[in-house]
Amino acid sequence: MLQLTKFEWIKILKNRTLIGALVVTSFLLFGIFYVRYYQSQSNYAVREMVSEGYTTRIERLVEEKYSGDLTDEKVQLIVSDFMDLFQDNINIKNGWYDGPFYPFYWEIVHAFVPRKKVDIFITMIERVQAGERMSVEEVPIIPLADKQFTTFDKPLTIGNYGPWTDLYKASGDIYLLLALLGILVCSLVFADDTSRNMNQILFTTRYGRRQSLFSKLLAGIGVTSVIFLLVHIINFIVFMAMNDTSGWKSSIQANFAMKIYDFPMEWNHLQVYFWVIALQFFGVLFIAASSFLVSSWVKAPLSAFVAATGLYLLPAILMQALKTSSLAPFFHFFPVNQGNVKNMLVLLSGKEGLLNSTFTGNTFLLFVFLISGHLIFNLLSYGRMKSWSFK
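Residues numbered from 1 in each chain as written. Predicted model: local features only at pLDDT ≥ 70, side-chain atom pairs only at ≥ 80, totals over all residues. Heavy atoms only, no water.

Undergrad: Just give me the short version of the overall build of the protein chain, but keep the residues and values in it.
TA: If you tally the helices and strands in the protein chain, you get 14 helices and four strands. Oriented by its inertia axes, the alpha-carbon framework of the protein chain measures out at about 90 × 45 × 35 Å. Counting every position in the protein chain, which comprises 391 residues, the buried fraction comes to 50%. Expressed as a percentage of contacts within the protein chain between residues at least 6 apart in sequence, the contacts between residues at least 24 apart total 76%. When the accessible surface of the protein chain is split by element, carbon and sulfur atoms take 63% of a total near 19300 Å². (Helix = DSSP H or I, 4+ residues; strand = E, 2+ residues; numbered from the N terminus. Buried < 20%, exposed > 50% of the residue type's maximum accessible area, 1.4 Å probe, protein only. Contact = heavy atoms within 4.5 Å. Areas by Shrake-Rupley, 256 points an atom, 1.4 Å probe, with all protein chains shown as cover.)

Undergrad: Account for the side chain of serine 187, naming residues and giving values.
TA: Here serine 187 lies in helix H8 (residues 162-195). Other than its neighbours up to four places away in sequence, serine 187 contacts Ser291, Ser295, Ala304, Phe305 and Ala308.

Undergrad: Can you lay out empty space enclosed by the protein for me, pointing to particular residues and giving the numbers?
TA: All told, the structure shown has one cavity of 30 Å³ or more when counted by the stated rule. Here the largest cavity is characterised by a volume of approximately 30 Å³. The set of elements that each furnish at least two residues to the lining of the largest cavity consists of helix H11 (269-297) and helix H13 (341-348). Here the element with the most residues in the lining of the largest cavity is H11; it accounts for four residues. Tallied by class, residues from the lining of the largest cavity come to five nonpolar, two polar and no charged. (1 Å grid on protein atoms, 1.4 Å probe; cavity = no way out; pocket = protein on both sides within 12 Å on 5 of 7 lines; lining within 4 Å. Points joined across faces, edges and corners; volume = space filled by probe spheres on them. Nonpolar A, V, L, I, M, F, W, Y, C, P; charged D, E, K, R; others polar.)

Undergrad: Describe the pattern of salt bridges, with residues and values.
TA: Overall, the coordinates contain eight salt bridges when judged by the stated rule. The closest approach of N and O atoms between aspartate 81 and lysine 65, which form a salt bridge, is 2.7 Å. Separated by 16 residues along the polypeptide, aspartate 81 in helix H5 (residues 72-88) and lysine 65 in helix H4 (residues 58-66) bring together distant segments of the chain. The exposure class assigned to lysine 65 is partly exposed, which follows from its relative accessible area of 38%. (Salt bridge = Lys/Arg side-chain N within 4 Å of Asp/Glu carboxyl O.)

Undergrad: Which residues make up the packing of aromatic side chains, and what values go with them?
TA: Going through the model one piece at a time under the given rule, you end up with 43 aromatic pairs. Seen in terms of ring centroids, tryptophan 164 and phenylalanine 239 are 5.0 Å apart; in terms of plane orientation they differ by 70°. Their pairing is edge-to-face. Remark: phenylalanine 239 occurs in helix H10 (residues 208-242) and tryptophan 164 occurs in helix H8; sequence separation between them is 75 residues. One exposure class covers both tryptophan 164 and phenylalanine 239, and it is buried. (Phe/Tyr/Trp six-rings, centres within 6.5 Å; stacked < 30°, edge-to-face > 60°.)

Undergrad: Tell me what's going on with the layout of surface pockets, and back it up with residues and numbers.
TA: Approximately 400 Å³ is the volume attributed to the largest pocket. Put simply, the parts of the chain that give the lining of the largest pocket at least two residues each are helix H2 (16-38), helix H3 (41-51), H4, helix H6 (103-112) and H8. When residues in the lining of the largest pocket are grouped by element, the largest group, five residues, is from H8. In terms of residue class, the lining of the largest pocket is made up of nine nonpolar, nine polar and seven charged.

Undergrad: Provide a residue-level description of the environment of proline 140, including the pertinent values.
TA: Residue placement: proline 140 occurs in the loop between helix H7 (120-129) and strand S4 (157-158). Distance from proline 140 to aspartate 98, taken between C-alpha atoms, is 25 Å for residues 42 residues apart in sequence. The residues touching proline 140, leaving out its near neighbours within four places in the chain, are Phe112, Val113 and Pro114.

Undergrad: Describe in detail the packing of H11 against helix H12 (residues 301-321), supporting the description with residues and values.
TA: Axis separation between H11 and H12 bottoms out at 9 Å; the angle between their running directions is 135°. With respect to H12, the axis of H11 lies oblique. When the axes of H11 and H12 are compared, the crossing they make is right-handed. Counting all contacts with H11, which are made through Ile287, Ser290, Ser291, Val294 and Ser295, the residues of H12 involved are Ala304, Ala307, Ala308, Leu311 and Tyr312. Across the contact of H11 with H12, the residue classes tally to seven nonpolar, three polar and no charged. (Axes fitted to C-alpha atoms, helices over the stretch in contact; angles between N-to-C directions. Parallel < 35°, antiparallel > 145°, perpendicular 65-115°, else oblique. Left-handed = near helix turned anticlockwise from the far one by under 90°.)

Undergrad: Which residues make up unusual backbone geometry, and what values do they have?
TA: A positive phi is found at glutamine 148, a non-glycine position, where the angle reads about 60°. Among the structural elements, glutamine 148 can be located in the loop between H7 and S4. Phi angles above zero are rare outside glycine, and lysine 259 is one such case at about 60°. Its place among the elements puts lysine 259 in the loop between H10 and H11.

Undergrad: Account for a nonpolar patch on the surface, with residues named and values stated.
TA: There is a patch of nonpolar side chains on the surface, built from Leu311, Leu313, Leu314, Ile317, Leu318, Leu322, Leu327 and Phe330 and spanning about 640 Å² of accessible area. As for its position among the elements, leucine 313 is in helix H12. (Patch = residues over 30% accessible without salt bridge, like charges linked within 9 Å, V, L, I, M, F, W, Y side chains within 5 Å.)

Undergrad: Account for the nonpolar core, naming residues and giving values.
TA: One finds Tyr168, Val272, Trp275, Leu345 and Leu366 to be the most contacted residues of the largest nonpolar core, which totals 63 residues. Mapped onto this core, the elements with two or more residues apiece are H2, H8, H10, H11, H13 and helix H14 (359-386). No other element matches H8, which puts 15 residues into this core. Once residues lying within four places of it in the same chain are set aside, the contact partners of tryptophan 275 are Trp267, Met344, Leu345, Leu348, Phe359, Thr363 and Phe367. With 39 residues, the next largest nonpolar core counts Met83, Tyr97, Phe112 and Phe149 among its residues. (Core = buried A, V, L, I, M, F, W, Y, C linked by side-chain atoms within 4.5 Å.)

Undergrad: Account for H5, naming residues and giving values.
TA: For H5, built from 17 residues, the straight-helix expectation of 24 Å at 1.5 Å per residue is met to within 8% by its first-to-last C-alpha distance of 24 Å. Of the residues making up H5, those classed as buried are Lys74, Val75, Ile78, Val79, Asp81, Phe82, Met83, Leu85, Phe86 and Gln87. (Expected span 1.5 Å × (residues − 1).)

Next up, the structure:
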């Protein structure tokens, strides 16, 4: 059985279509890393400011001055420092801000300083042009209690959350890429041998259908899982190499780019990332099993890949077609609709939950659905090929 699985594993890896797809994947990964990390708003802003002579790197400032408990005093300090930075870099002649752009500052200011009555930016420009300065005491800062943050026994902590937001976005892009790779790998497992009339030979060997089918399923799942792990390991290594990761321990509720203040779990950014990886892994297993089923019915590899891809995309199409229906949220059970990390956290958090349950309950139901689907599709694929007849 082990030798047969190894044989099937090698056969998959030697497939020229898969080799070509892996080459294309490497270029697409480079593109994802370039867009999500190198050209991210935070990294681009830092490079731009360094080139213009600003030596203060925001990640160091956040780690040394702002990291720690999120309090009203901390928010006031951040707003005050932003106001000093803004007013120090106003072009008086043209009447605009001409200094460094740090998303960390801007996101927090937009979160805590209302602009309905008074626009703080216009006011600061007018004050500086008049030879004055605006102080933080003049700014109506919204208290933490009014932002409806979820509270726990320990205070929420703030840190450099920006890079982790970029990591979640990159992981969402990678999920789509891994889904298509998984479809390609698993749609070839049965259809490739059927198209070359190999079943007549493989099913009459001393191993028989049972061991042959089990080895094919194990090899397909194994190759897909290894690709999944390798790609995510590479992604995390690149992420650490290109970004400041000190914000891993900050609370996800204190991510002012994602704005999920009422998220019910006491999680930091690293814990959310582990949850994302688990969700994607079970999703890829679900996709792999559905592709096995398509492959067991379709005789040509290309047709199997197209049909399996269509099956993967179908829930997204149905969700858009039925977006006003009460059924729409249930389409998030399917992997194609799980790429946006923020949307999934909000959807599962209970307020707009899949089954109006808690985040833990919704996550449990989602994982059970994906694992059950994986097992059912594998059994159906096995049953289909077990009864396959020579024609």
